[in-house]
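Analysis of the macromolecular model
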Amino acid sequence: MDFGAFILAQQRGYHQSSHEVIANSVEQTVMAEQAGFANAWYAEHHFNNYSLSPSPLMMVAHTAAKTTTIRLGSAVCILPLYHAPRFLAEVGFVDSLSGGRLELGIGSGYQDFEFQRFGTNLDESSKIFEEYLEVIPKALGNKIFEHHSEYLDIPPSSIATRPLQEPLPPIWVTTGNPKLRERAFREGWNLFTTALLGGMDQIKRVRGQVDEAIDASGTDGSKSRLGFLRVGYASDNMAEIDHYLENALFQRRLSFSLKSRNQQTDDGYLMKEVPTDSDPSLDELKKNLPVGSVNQVIDRLLAEIEVLKPDHIALQTQLGDFDHKTMLKQMEVWGDKIIPAIQKEVGAGTKIAAE
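A brief look at the structure comes next. (Residues numbered from 1 in each chain as written. Predicted model: local features only at pLDDT ≥ 70, side-chain atom pairs only at ≥ 80, totals over all residues. Heavy atoms only, no water.)

1. Comments concerning the packing of helix α6 (residues 178–187) against helix α7 (residues 200–217)
Put simply, α6 and α7 touch, their axes get as near as 8 Å, and they point 60° apart. Relative to α7, α6 is oriented oblique. α6 and α7 meet at a crossing whose hand is right-handed. Contact residues: R181, E182, F185 and R186 in α6; Q209, V210, A213, I214, A216 and S217 in α7. Residue composition of the contact of α6 with α7, by class: five nonpolar, two polar and three charged. (Axes fitted to C-alpha atoms, helices over the stretch in contact; angles between N-to-C directions. Helix = DSSP H or I, 4+ residues; strand = E, 2+ residues; numbered from the N terminus. Parallel < 35°, antiparallel > 145°, perpendicular 65-115°, else oblique. Left-handed = near helix turned anticlockwise from the far one by under 90°. Contact = heavy atoms within 4.5 Å. Nonpolar A, V, L, I, M, F, W, Y, C, P; charged D, E, K, R; others polar.)

This is the structure we're talking about:
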């Protein structure tokens, strides 16, 4: 199995400039490659400080010129917000620019705040997303394609700059829809999952959902990779761990407010961090997550891997206003100690068989 760095590019306050946040995201990508991470992942969000990355494909194109081997991915492109022909053409173009290093993560989105500003109905997002699932392999896998459906209507067309990876880059699907998870396994696409800030009980529920999707797909799931987005931090400095977890809680609060459509702001941009009744305490987060000393993080991750059996773990390296230089050092710790120890135990690059 391998590891990635998930770079959300958040701004917790005006003490962080947007330019600093993006520059730090690029620098974390370079560090991820140096430290031995296999992937760097970029989010997509719009119009507020939850994430300053509006275009993961542009991030891939830029960081491809600053790296040589690390694979670069979208996590995820929110497809209902795109114009399909442009998206398809840019996927081929970016894969070429990156030297065939693109990992194409796609999703349907969940923040109505964004959909309203794109003039798109969130209630229709799943249907639009399913139509994209039809057209992506058709467009990238054929010299000439056309597609006619309820939301997408493309006459006979050709992607001029085709993907370097044939027939198309690896596809990663993020979805809460059981039918789409089932389809991912049936098509041999990869699946991204998360337990958010939950502990082992939540990981067991996620594994149960994965098993149900594999069974319903009529496959053994072996053609797909399972990715796991996780919060984790290794240090003997409890103040560092607390600060990292406070930023993880910040991310959760903003995400929940956007999902429930009750986000608040004083100036129309910077969102308020509003506590919720379901907020876990820092002590609960320490029980739930792989945080603590290096050995504690390794042991906890191995326990989680035994249950979930992921092929890829994406570590949240950029949350809120956590100190950037401290995070760069943290990534080195993962590269020097944690990743090698995990890979030695479970096998580097080896797909973990489900029971």
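2. Digging into helix α11 (residues 324–346)
Of all the bends found along α11, the most pronounced is centred on W334 and spans about 40°. All buried positions along α11 are accounted for by H324, T326, M327, L328, Q330, M331, W334, G335, I338, I339 and I342. Residues of α11 that are buried sit in contact with β1 (2–7), α1 (18–35), β10 (233–234), α8 (238–259), α10 (294–308) and β12 (312–318). Capping the start of α11 is the job of one residue whose side-chain oxygen sits 3.4 Å from the backbone nitrogen of K325: D323. A positive backbone phi angle near 100° is found at G347, which sits one or two residues after α11. (Bend = angle between axes of the 7 residues up to and from the residue. Buried < 20%, exposed > 50% of the residue type's maximum accessible area, 1.4 Å probe, protein only. Polar contact = N/O pair within 3.5 Å; in protein donor to acceptor, adjacent residues only side chain to side chain.)

3. Topic: helix α2 (residues 56–64)
For α2, the set of buried residues is P56, L57, M59, V60, T63 and A64. All buried residues of α2 project into a common sector of 155° when viewed along the axis, lining one side. Where the residues of α2 are buried, they touch α1, β2 (39–42), β3 (71–78), α3 (84–97) and β4 (102–107). (Arc of directions from axis to C-beta.)

4. With respect to the packing of aromatic side chains
Counted by the stated rule, this structure contains 11 aromatic pairs. Ring centres of Y233 and Y244 lie 5.0 Å apart, and the angle between their planes is 35°; on these two criteria the pair is classed as tilted. Of this pair, Y233 sits in strand β10 while Y244 is found in helix α8, placing the two residues 11 residues apart along the sequence. Owing to a relative accessible area of 0%, Y233 belongs among the buried residues under this scheme. Y244 gets classed as buried once you look at its relative accessible area, which sits at 0%. Three or more aromatic residues joined by ring pairs make a cluster, and in this case those are W41, W172 and F192. The aromatic ring of F113 is capped on one face by R117, whose charged end is 3.6 Å from the ring centroid. We note R252 situated over the ring of F256; from NZ or CZ to the ring centre the distance is 4.1 Å. (Phe/Tyr/Trp six-rings, centres within 6.5 Å; stacked < 30°, edge-to-face > 60°. Lys NZ or Arg CZ within 6 Å of the ring centre and 35° of its normal.)

5. Comments concerning the sheet that holds β3
The eight strands lie next to each other as β1-β2-β3-β4-β7-β8-β9-β12, forming a closed barrel whose pairing is parallel. The mean inter-strand angle of the sheet, taken between neighbouring strand axes irrespective of direction, is 25°. Where strand β7 (residues 171–174) meets strand β8 (residues 190–194), two bridges bridge the pair, whose relative direction is parallel. Among the inter-strand pairings, W172 is bridged to a residue of β8, identified as N190. The strands that α1 touches are β1, β2, β3 and β12; relative to β1, the one it contacts most, it runs at about 170°. Along the sheet face, α2 touches β2, β3 and β4 and points at about 165° away from the line of β3. (Pairing = 2+ DSSP bridges.)

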